[in-house]
Amino acid sequence: MMFHRIGVILCGFFGFLVVSCGRSPEIYQTAKPLMGTVVSMAVVSQDAHQAYEALEAAFEEMARLEAMMSVFREDSELSRVNREASRHPVTVSPELYRVIELSLHISQITQGAFDITVGPLMNLWPFDKNEKKLPSSQAIQEALSRVGYHHVVLSSKDRSVFFSVPGMVLDLGGIAKGFAIDQAVNVLKGRGIAAALVNAGGDILAYGTKPDGQPWRVGLQHPRNSQDLLTVLTMSDQAMVTSGDYERYFLVDGKRYSHIVDPRSGFTARATASVTVMADSAAFADGLATGILVLGPEDGMAVVESLPGVHALIMTEGSDKALVLHVSEGFSLPLDEASLAVRGVQIKAWKR
Ligand code: ADP
Ligand code: MG
């Protein structure tokens, strides 16, 4: 221990010795299936052992949060809340409380377009069923009577959740992944990792820089052609989350139904092909991206421009199938119309 400390001090004193004392930093990576997607993490470290221990701990944290917040698991804490909170206030873990609280905040910001009480609607639309039968309008009306973030009553005193309308169902599918990314990054930072990139199926949080001092680089996917990258963006100390109608959807009579529903009408969201949001936290970006997808480009962009530190790229599809890009003031997109045209990407309009 003593020797160790002397070694550190010497390295600190004689700058040139640092190189010979420690190995140079490298990128260590792992990927695992989690939260319905593949999560990959890259960390920068001088020590392989430290890197892999940190990666392991960060993955464990994400798995723990998935087990807590999944609506698909009977034994998750969220499922227990859904079973009991119509009858009495349910005290929940600090993490679940925080996610629900943040979700209600995002509901306010997005005028109810983001709403974790969409559970009854999610159960109605045939997202995961083999038979793609559209719900009747009566069924939608009935489900809507059990939807509405105003009916979620939180009490910070006993950290409890209560539903003021019976039969409500919370679904954290629009925010849990982002929250888990934030928490994974906290674990990495807590273990002394100076730079990392966590990527959960395109939802990304990056901090620090690569060993060569350059920022992390991530591809921005074309919403209608998974093989095509629209461009490559650089990122440091930022989250970037994309909600699209192309990852999970179903077709009936050639019409695309996305897995995001409009909590105000009960129908699946139609106006937007994809929304990419940049913000400080992945949870906030995740919830916002889902809400903005529902709001559409005009109202959605107004929300983005009202939030400091939040930037977005919204893509819509014209009737001629050409993409329309809407870019917020602060979203730096290393692209122009000419370069997109050269690369065969059809862009109808370019709005700022
Ligand atoms: P992805 O699942 O591709 O990351 P999102 O972050 O947009 O995409 O989340 C979509 C999920 O959010 C849906 O599968 C559902 O669980 C939930 N959801 C659907 N509509 C809404 C909505 N209007 N507000 C909040 N959550 C929603
Ligand atoms: Mg989301």
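- An unreviewed UniProt entry annotates the protein as FAD:protein FMN transferase of Desulfosoma caldarium.
- The UniProt entry for the protein carries this comment under Function (unreviewed entry): "Flavin transferase that catalyzes the transfer of the FMN moiety of FAD and its covalent binding to the hydroxyl group of a threonine residue in a target flavoprotein."
- According to UniProt, the comment filed for the protein under the heading Catalytic activity (unreviewed entry) is "L-threonyl-[protein] + FAD = FMN-L-threonyl-[protein] + AMP + H(+)".

**Structural notes on the coordination of the magnesium ion (ligand 2)**
Link 1 in the chain: Only Gly174 (O), Asp286 (O), Asp286 (OD) and Thr290 (OG1) from the protein reach the magnesium ion (ligand 2) as donors, at distances of 2.0 to 2.5 Å.
Link 2 in the chain: Sequence positions of the residues that donate to the magnesium ion (ligand 2) give the spacing G-x111-D-x3-T. You can see Gly174 sitting in the loop between strand S5 (160-163) and helix H8 (176-190) and its partner Asp286 sitting in helix H9 (residues 282-295), a full 112 residues away along the chain. Side by side, Gly174 and Asp286 carry an identical accessibility label, which is buried.

**Brief notes about the environment of Met69**
Link 1 in the chain: Position of Met69 among the secondary structure elements: in helix H3 (residues 48-69).
Link 2 in the chain: For Met69, a relative accessible area of 4% corresponds to the buried category.
Link 3 in the chain: C-alpha separation for the pair Met69 and Ala176, spaced 107 residues apart in sequence, amounts to 6.8 Å.

**Let's talk about the pattern of salt bridges**
Link 1 in the chain: Overall, the coordinates contain 8 salt bridges when judged by the stated rule.
Link 2 in the chain: Close ionic contact of Glu56 with Lys32 constitutes a salt bridge, the shortest N to O distance being 3.3 Å. Taken together, the positions of Glu56 in helix H3 and Lys32 in strand S1 (residues 26-34) put the pair 24 residues apart, joining distant regions of the chain.

**Focus on the site of ligand 1**
Link 1 in the chain: Lining the immediate surroundings of ligand 1 are 19 residues, of which Asp171, Lys177, Ser243, Val261 and Thr290 lie closest.
Link 2 in the chain: Contact distances for ligand 1 include 2.8 Å between an oxygen atom and a side-chain N or O atom of Asp171.
Link 3 in the chain: Ser243 has a polar side-chain atom sitting 2.5 Å from an oxygen atom of ligand 1.
Link 4 in the chain: When the free accessible area of ligand 1 is taken as 570 Å², the share hidden by the protein chains comes to 93%.
Link 5 in the chain: With 3 residues, the top contributor of residues to the shell around ligand 1 is H9.
Link 6 in the chain: Viewed by domain, the shell around ligand 1 spans two of them, domain 1 (77-163) and domain 2 (215-352), each represented by three or more residues.

**Some details on the packing of H3 against helix H5 (residues 94-109)**
The relative placement of two packed helices is expressed as an angle between their axes plus a distance between the axes.
Link 1 in the chain: Closest axis-to-axis distance for the H3/H5 pair is 11 Å, and the angle between their directions is 70 degrees. By the angle class used here, H3 and H5 are roughly perpendicular. Of the two elements, H3 crosses H5, and the hand of that crossing is right-handed. Touching Arg64, Leu65, Met68 and Met69 of H3 are Glu95, Leu96 and Val99, all from H5.

**Details of the UniProt feature "binding site: Mg(2+)" (unreviewed entry) in the protein**
Link 1 in the chain: What UniProt calls "binding site: Mg(2+)" (unreviewed entry) maps, in this numbering, to Gly174, Asp286 and Thr290. What stands out for the annotated residues spanning 117 residues is how close their C-alpha atoms remain, the widest pair being 6.5 Å apart.
Link 2 in the chain: Since its relative accessible area comes to 5%, Asp286 is described here as buried.
Link 3 in the chain: Residues contacting Asp286, with those up to four places away along its chain left out, are Gly174, Ile175, Ala176, Lys177, Gly178, Asp203 and Val241.

Definitions and cut-offs
- Residues numbered from 1 in each chain as written.
- Chains lettered and ligands numbered in written order.
- Predicted model: local features only at pLDDT ≥ 70, side-chain atom pairs only at ≥ 80, totals over all residues.
- Heavy atoms only, no water.
- UniProt positions renumbered as here; feature names shortened; annotations may be inferred.
- Donors = N, O, S within 2.8 Å, 3.2 Å for Na, K, Ca; no water.
- Helix = DSSP H or I, 4+ residues; strand = E, 2+ residues; numbered from the N terminus.
- Buried < 20%, exposed > 50% of the residue type's maximum accessible area, 1.4 Å probe, protein only.
- Salt bridge = Lys/Arg side-chain N within 4 Å of Asp/Glu carboxyl O.
- Near = heavy atom within 4 Å.
- Polar contact = N/O pair within 3.5 Å; in protein donor to acceptor, adjacent residues only side chain to side chain.
- Areas by Shrake-Rupley, 256 points an atom, 1.4 Å probe, with all protein chains shown as cover.
- Domains from an automatic or database assignment.
- Axes fitted to C-alpha atoms, helices over the stretch in contact; angles between N-to-C directions.
- Parallel < 35°, antiparallel > 145°, perpendicular 65-115°, else oblique.
- Left-handed = near helix turned anticlockwise from the far one by under 90°.
- Contact = heavy atoms within 4.5 Å.

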